[in-house]
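What follows is the residue order along each chain.
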Amino acid sequence: MEAELRRRSDARQQKTTAVTVDSRTAELASRLTQRLRTQVMVSETPWGTGLYLLDHEGQPLRNWGDMPDHTRPPTHAVRVAIVPSDLDEPVDVYLDPVADTPVEYAGNEAHPVEDAAERLIRHYRPAFPRADAGGR
């Protein structure tokens, strides 16, 4: 199954292009959007399809990257997962901190799609207060 999801190549420019994704990426994006009550942005990477969660303003969640400077606004978009192009490989899950939320760094993991979705939902839920009202 092929699905097309929107991608913003640069949040500041709001440039949108179509990215064709495989069924695993579509399933992961669907689970995240439904349970976290948010949207997902996708981007092509050399390793597969990257996923980003969008905040209530439609911008990717952000942090300060590898060199935190809390005196400046967070500018690093948080990529939460990569679904590899190789269908036999598990999803790479990135459990990164999110600025101005209680979400802290918890490492990187690899899981099948369903487990990846559950792990990402548990980790990033505090960044989405609205998700607690209707998420399970």
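Structure first, text after, so check above.
Bear in mind the structure is a predicted one, so any value in this text is a computation, not a measurement.

Participant: Before we go on, may I ask you to explain the overall build of the protein in this structure?
Facilitator: A tally of helices and strands in the protein yields three helices and nine strands. Reading the protein from its N end, one meets helices and strands in the order β-β-α-β-β-β-β-β-β-β-α-α. Sorting the 136 residues of the protein into buried and exposed places 45% on the buried side. Considering only residue pairs separated by 6 or more positions, the protein has 46% of its internal contacts joining residues 24 or more positions apart. Total accessible area on the protein stands at roughly 7800 Å², and carbon and sulfur atoms take up 47% of it.

Participant: Even after reading the chapter, I still don't get the sheet that holds strand β9 (residues 107-111), so can you show me in this structure?
Facilitator: Hydrogen bonds between backbone groups are what pair the strands of a sheet, and the pairing can be parallel or antiparallel. Spatial strand order, β3-β4-β7-β8-β9: five strands in an open sheet with antiparallel pairing. In this open sheet, the two strands that pair with only one neighbour each are β3 (39-45) and β9. Shown here is a sheet whose adjacent strand axes are inclined to one another by a mean of 20 degrees, direction ignored. Contacts from helix α2 (residues 113-124) reach β4 (48-54), β7 (79-84), β8 (91-95) and β9 within the one sheet, and its direction differs from that of β8 by about 10 degrees.

Participant: Explain helix α1 (residues 23-36) here, please?
Facilitator: Residues spaced three or four apart along an α-helix face the same direction, because each turn holds 3.6 residues. Over its 14 residues, α1 extends 20 Å from the first C-alpha to the last, a length consistent with the 20 Å expected when each residue adds 1.5 Å. Every buried residue of α1 is accounted for by Arg24, Thr25, Ala26, Leu28, Ala29, Leu32, Arg35 and Leu36. Sitting at the amino-terminal end of α1 is Asp22, which places a side-chain oxygen 3.1 Å from the backbone nitrogen of Arg24. Looking at the residues trailing α1, positive phi occurs at Arg37, about 55 degrees.

About the thresholds
- Residues numbered from 1 in each chain as written.
- Predicted model: local features only at pLDDT ≥ 70, side-chain atom pairs only at ≥ 80, totals over all residues.
- Heavy atoms only, no water.
- Helix = DSSP H or I, 4+ residues; strand = E, 2+ residues; numbered from the N terminus.
- Buried < 20%, exposed > 50% of the residue type's maximum accessible area, 1.4 Å probe, protein only.
- Contact = heavy atoms within 4.5 Å.
- Areas by Shrake-Rupley, 256 points an atom, 1.4 Å probe, with all protein chains shown as cover.
- Pairing = 2+ DSSP bridges.
- Axes fitted to C-alpha atoms, helices over the stretch in contact; angles between N-to-C directions.
- Expected span 1.5 Å × (residues − 1).
- Polar contact = N/O pair within 3.5 Å; in protein donor to acceptor, adjacent residues only side chain to side chain.

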